[in-house]
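# An overview of the molecular structure
What follows is each chain in one-letter form.
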Amino acid sequence: YTFPDGFLWGTATAAYQVEGGIKNDWSTSGLDAGKAVEHYERFEEDLQIVRKLHNNTYRFSIEWSRIEPEAGKWNLKELEHYRQVLKTMKKLGLTSMVTLQHFTNPIWLAEQGGWENEKVVEHFGRFVEFVVKELHADVDFWLTLNEPLVYAFKAYDSGEWPPYKKDRTAALKVIKHELLAHAKAYRIIHQIQPTAKVGFAKHMTPLAPSFFLNPVD
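Residues numbered from 1 in each chain as written. Predicted model: local features only at pLDDT ≥ 70, side-chain atom pairs only at ≥ 80, totals over all residues. Heavy atoms only, no water.

### Quick word on unusual backbone geometry
Residue P162 is joined to P163 through a cis peptide bond whose omega torsion reads 10 degrees. As for its position among the elements, P163 is in the loop between α7 (148-156) and α8 (168-192). Backbone geometry places H54, a non-glycine residue, at a positive phi of 65 degrees. For H54, the location among the structural elements is in the loop between α2 (39-52) and β2 (57-61). According to the relative accessible area criterion, H54 is exposed, its value standing at 68%. (Helix = DSSP H or I, 4+ residues; strand = E, 2+ residues; numbered from the N terminus. Buried < 20%, exposed > 50% of the residue type's maximum accessible area, 1.4 Å probe, protein only.)

### Considerations on the packing of helix α6 (residues 120-135) against α8
Across the interface, α6 lies against α8 with an axial gap of 9 Å and an inter-helix angle of 30 degrees. One finds that α6 runs roughly parallel with respect to α8. For the pair α6 and α8, the sense of crossing is right-handed. Within the contact between the two elements, α6 uses V120, V121, E122, F124, G125, V128, E129, V132 and K133 and α8 uses H177, L180, A181, K184, A185, I188, I189 and I192. Residues belonging to the contact of α6 with α8 are distributed by class as follows: 11 nonpolar, two polar and four charged. (Axes fitted to C-alpha atoms, helices over the stretch in contact; angles between N-to-C directions. Parallel < 35°, antiparallel > 145°, perpendicular 65-115°, else oblique. Left-handed = near helix turned anticlockwise from the far one by under 90°. Contact = heavy atoms within 4.5 Å. Nonpolar A, V, L, I, M, F, W, Y, C, P; charged D, E, K, R; others polar.)

### Things to note about the packing of aromatic side chains
Scanning all chains against the criterion turns up 17 aromatic pairs. With centroids separated by 6.1 Å and ring planes inclined at 55 degrees, the aromatic side chains of F211 and F212 adopt a geometry described as tilted. Owing to a relative accessible area of 45%, F211 belongs among the partly exposed residues under this scheme. (Phe/Tyr/Trp six-rings, centres within 6.5 Å; stacked < 30°, edge-to-face > 60°.)

### Things to note about a nonpolar patch on the surface
Taken together, the side chains of Y1, F3, F7 and W9 define a hydrophobic patch exposed on the protein surface, amounting to about 550 Å² of accessible area. Classification of F3 by relative accessible area gives partly exposed; the value is 42%. (Patch = residues over 30% accessible without salt bridge, like charges linked within 9 Å, V, L, I, M, F, W, Y side chains within 5 Å. Areas by Shrake-Rupley, 256 points an atom, 1.4 Å probe, with all protein chains shown as cover. Salt bridge = Lys/Arg side-chain N within 4 Å of Asp/Glu carboxyl O.)

### Some words on the pairing of strand β4 (residues 141-146)
For β4, the tally of buried residues reaches five of six residues, placing the bulk of the element in the interior. When strand β3 (residues 95-99) meets β4, the two strands line up parallel, connected through three bridges. Within β4, the position partnered with T99 by the bridge is L143. Bridge count between β4 and strand β5 (residues 197-201): four bridges; the pairing is parallel. Looking across to β5, one finds that L143 is bridged to G199. (Pairing = 2+ DSSP bridges.)

### Section: the packing of α7 against α8
Put simply, α7 and α8 touch, their axes get as near as 9 Å, and they point 150 degrees apart. Between α7 and α8, the crossing angle belongs to the class labelled roughly antiparallel. Here α7 runs over α8; the crossing is right-handed. Every residue of α8 that contacts α7 at P148, L149, Y151, A152, F153 and Y156 is listed here: R168, A170, A171, V174, I175 and E178. Residues belonging to the contact of α7 with α8 are distributed by class as follows: 10 nonpolar, no polar and two charged.

### Things to note about the sheet that holds β2
Read from one edge of the open sheet, five strands run β1-β2-β3-β4-β5, paired in parallel fashion. Taken across any chain shown, the strands that pair with only one partner, and hence form the sheet edges, are β1 (10-12) and β5. Here the strands of the sheet are splayed against their neighbours by 25 degrees on average, with no regard to which way each runs. Alignment of β1 against β2, held across three bridges, turns out to be parallel. Bridging across to β2, A12 finds its partner in R59. Sheet strands in contact with helix α4 (residues 76-91) are β2 and β3, and its direction is about 175 degrees off that of β2.

### Let's talk about the pattern of salt bridges
On inspection of all chains with the given rule, the structure shows 14 salt bridges. Put simply, R83 and E134 hold a salt bridge, and the shortest N to O gap is 3.2 Å. On the criterion of sequence distance, the pair formed by R83 in helix α4 and E134 in helix α6 is long-range, its members being 51 residues apart. Taking relative accessible area as the criterion, E134 reaches 34% and is therefore assigned partly exposed.

Structure, rendered in structure tokens:
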């Protein structure tokens with residue numbers, strides 16, 4: 001196979017998967033990631049490995065609970081950490097894809113009803129505006145939400161993820177709020193960075209029929 005010039009080969013992570021030391025709605029619900037792989041402290045070493053693997057792109061998420069541990073209160077130290085991650089990527093020639101919400105949420109947001117509460121749209125917009133104003137100069141791609149349908153159904157329909165609900169109506173309400181939050185974030189990002197490339201990460205499951213001549217399959 002051949003790929004066009006500029007094709008993006010990348011590695012993707014979520015903050016809660018790799019950073020360690022995060023307190024959010026998952027860590028308080030029986031899914032504490034603990035130290036994870038200490039990417040928070042070792043990001044420079046990890047990014048060099050990404051480059052050695054001949055990747056030219058890295059997708060990572062900014063942990064909302066680090067940046068806004070209390071509603072409307074910003075942690076500038078944590079913001080600076082992510083700025084250094086982006087600066088390091090730029091030095092290594094890595095294209096940056098930044099995910100603004102990758103499944104986990106601040107504890108204060110969960111206590112307000114999380115993504116079931118329509119106020120989440122405004123809360124997410126406030127977070128996006130703050131982060132994008134601060135970091136947009138070093139970001140190539142913005143992803144508002146990671147796999148929104150996966151989150152809605154795993155957390156609110158099948159009950160496998162916090163808040164462990166099994167309520168189809170709640171899941172559909174969450175999807176509505178995710179759609180509104182994505183649209184709001186999209187507009188905010190383009191107001192700050194008119195030429196920004198903005199989307200969301202969609203989970204795709206390719207399916208093939210067991211027997212292609214069988215209409216039921």
